[in-house]
Amino acid sequence: MPDAVTASRYAAAVPSGVPGRGRFILELLLALLLTRLPYLGVPFKWLESFFHELSHGLATLLSGGIVSHIQLFPNGAGFCFSQGGAPLLIGFAGYFGAACWGYLIFILATWPRGIRASFAFLGGAVLLSLLLWGRDLLTIGILLTLACLLLLPLRLKHQPALLSGLRVAALMIMLNALASPAVLFGLSGQGDAVILAQNSWLPAWFWVLSWLSCSAGFLYLAWRRVDRASLLR
């Protein structure tokens, strides 16, 4: 009986926003499908690109540098223009940070009581970045689109839909963060991996594999959170 009592206490502590295994797999498949669709997946690619450049910017500030502005493009590419800071930290932060943000958003999407605050926080982060670092009209337009994508769901009354929608968005960010570094294998003379290789003794492919491992690791952590919660139900 003590085991049953302990299990029930743990089950009571499991956030109700954590999906079951089957629902998680369905949401992961939906996220994978949306990332492959030509038009519907574009804003979520922008979201991954935003968090990529935001991570570059935060790493620059944390290492003593200055961020001038960020630039985003319709194809999901982006730049963070900065001066100073630690090159290795700044270069690594982009793809790693995007995957990390994706996992953080997934965690927020398992917190029912704070789901509206989570959407507001993320939308506010986009708007603050626009005010601080948005300079050209294209970047401003993309950031406004992302802010609407995150703030308009606050009008929805159905909380489970908010939770599920944010989880799918988080999974799409992590999947895009997993796919984006793989493109660098086909590039020469450009990209974050090349910059890191130039500032270290390690080749570009090492950094690409590091990003792929981190992104896959965050996806695995999301699955482990779901798996553990399912065992306690």
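Residues numbered from 1 in each chain as written. Predicted model: local features only at pLDDT ≥ 70, side-chain atom pairs only at ≥ 80, totals over all residues. Heavy atoms only, no water.

A. Here's a closer look at the side chain of E48. In this fold, E48 is placed in helix 3 (residues 42–62). We classify E48 as buried; its relative accessible area is 2%. Beyond its immediate stretch of four places on either side in the chain, E48 contacts A98, I173, N176, A177 and S180. (Helix = DSSP H or I, 4+ residues; strand = E, 2+ residues; numbered from the N terminus. Buried < 20%, exposed > 50% of the residue type's maximum accessible area, 1.4 Å probe, protein only. Contact = heavy atoms within 4.5 Å.)

B. Fine view of the pairing of strand 2 (residues 78–83). Across 6 bridges, strand 1 (residues 66–72) lies against strand 2 in antiparallel orientation. Looking across to strand 2, one finds that I70 is bridged to C80. If you look at the hairpin formed by strand 1 and strand 2, you'll find 5 residues sitting between the two strands, and G76 has a positive phi there, around 95°. (Pairing = 2+ DSSP bridges.)

C. Expanded view of helix 2 (residues 21–36). Its 16 residues give helix 2 an end-to-end C-alpha distance of 23 Å, which sits within 8% of 22 Å, the value for a rise of 1.5 Å per residue. Buried within helix 2 we find F24, E27, A31, L34 and T35. One side of helix 2 holds all its buried residues, which, seen down the axis, span an arc of 100°. Exposed residues on helix 2 whose side chains face more than 90 degrees from its buried face are L26 and R36. In this fold, the buried residues of helix 2 make contact with helix 4 (87–108), helix 7 (159–183) and helix 9 (204–232). (Expected span 1.5 Å × (residues − 1). Arc of directions from axis to C-beta.)

D. Seen up close, the pattern of salt bridges. The tally for this structure, following the rule as stated, stands at 5 salt bridges. Between E27 and R167 there is a salt bridge; the shortest N-O distance is 2.7 Å. Placement of the pair is E27 in helix 2 and R167 in helix 7, with a sequence separation of 140 residues. With respect to class, E27 is no different from R167; both count as buried. Each of R21, R224 and D227 takes part in one network of salt bridges that share partners. (Salt bridge = Lys/Arg side-chain N within 4 Å of Asp/Glu carboxyl O.)

In short, shape yes, function no, at least from these values alone.
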